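# Commentary on secondary and tertiary structure
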Amino acid sequence: MFSVSLSPPSHPSMSLLNHSCDPNCVIVFEGRQLLLRSIREIQIGEELTISYIESLMPSSERQKHLKRQYCFECNCLLCQTQEKLCLANGPQRCMT
Ligand SMILES: [Zn+2]
């Protein structure tokens, strides 16, 4: 696993990709090339996603960043699951 810091989607190829907090692809820079790499098996017809932000942040932090920087609310599986967990556990336990 490796992480790449992504600036706002200014690169044309990047804006074609949707954000997910549990992405199946990453953008990597190799020299002057911008590469899209899969990080897990992708099913036929599955949407290619990348994470616009640092996925290791708690979901509430991710939502804040995404809203501020990209003006959308993430509704990915990870966020939905974490939201449900938060509701089940109470807000004080909602740290991941
Ligand atoms: Zn998400």
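Residues numbered from 1 in each chain as written. Predicted model: local features only at pLDDT ≥ 70, side-chain atom pairs only at ≥ 80, totals over all residues. Heavy atoms only, no water.

### A few points about helix α2 (residues 59–70)
Residues that lie three or four places apart on an α-helix share one face, since the helix turns once every 3.6 residues. Counted at 1.5 Å a residue, the expected span for α2 with its twelve residues is 16 Å, and the 15 Å between its end C-alpha atoms agrees. Among all positions in α2, only S59, R62, Q63, H65, L66 and Y70 are buried. The arc that holds every buried residue of α2, seen down its axis, measures 170 degrees, which confines them to one face. At its buried positions, α2 is contacted by β1 (18–19) and α3 (77–89). A positive phi of about 60 degrees marks C71, the residue just after α2. (Helix = DSSP H or I, 4+ residues; strand = E, 2+ residues; numbered from the N terminus. Expected span 1.5 Å × (residues − 1). Buried < 20%, exposed > 50% of the residue type's maximum accessible area, 1.4 Å probe, protein only. Arc of directions from axis to C-beta. Contact = heavy atoms within 4.5 Å.)

### A closer look at the pairing of strand β3 (residues 33–38)
As judged from the six bridges shared by strand β2 (residues 25–30) and β3, these two strands associate in the antiparallel manner. Paired with F29 across the bridge in β3 is L34. The hairpin formed by β2 and β3 contains two residues between the paired strands, and G31 there has a positive phi angle of roughly 65 degrees. (Pairing = 2+ DSSP bridges.)

### A closer look at α3
With 13 residues, α3 extends 18 Å between its outermost C-alpha atoms, agreeing within 8% with the 18 Å of an ideal straight helix rising 1.5 Å per residue. Within the span of α3, buried status applies to C79, Q82 and C86. Seen along its axis, α3 keeps its buried residues to an arc of 65 degrees; they face one direction. Along α3, the residues that are exposed and aim more than 90 degrees away from the buried face are L77, K84, L87 and A88. Buried residues in α3 make contact with α2.

### Thoughts on unusual backbone geometry
Of note, C71 is a non-glycine position whose phi angle comes to about 60 degrees, a positive value. Here C71 shows up in the loop between α2 and α3.

Taken by themselves, the reported measurements are silent on function.
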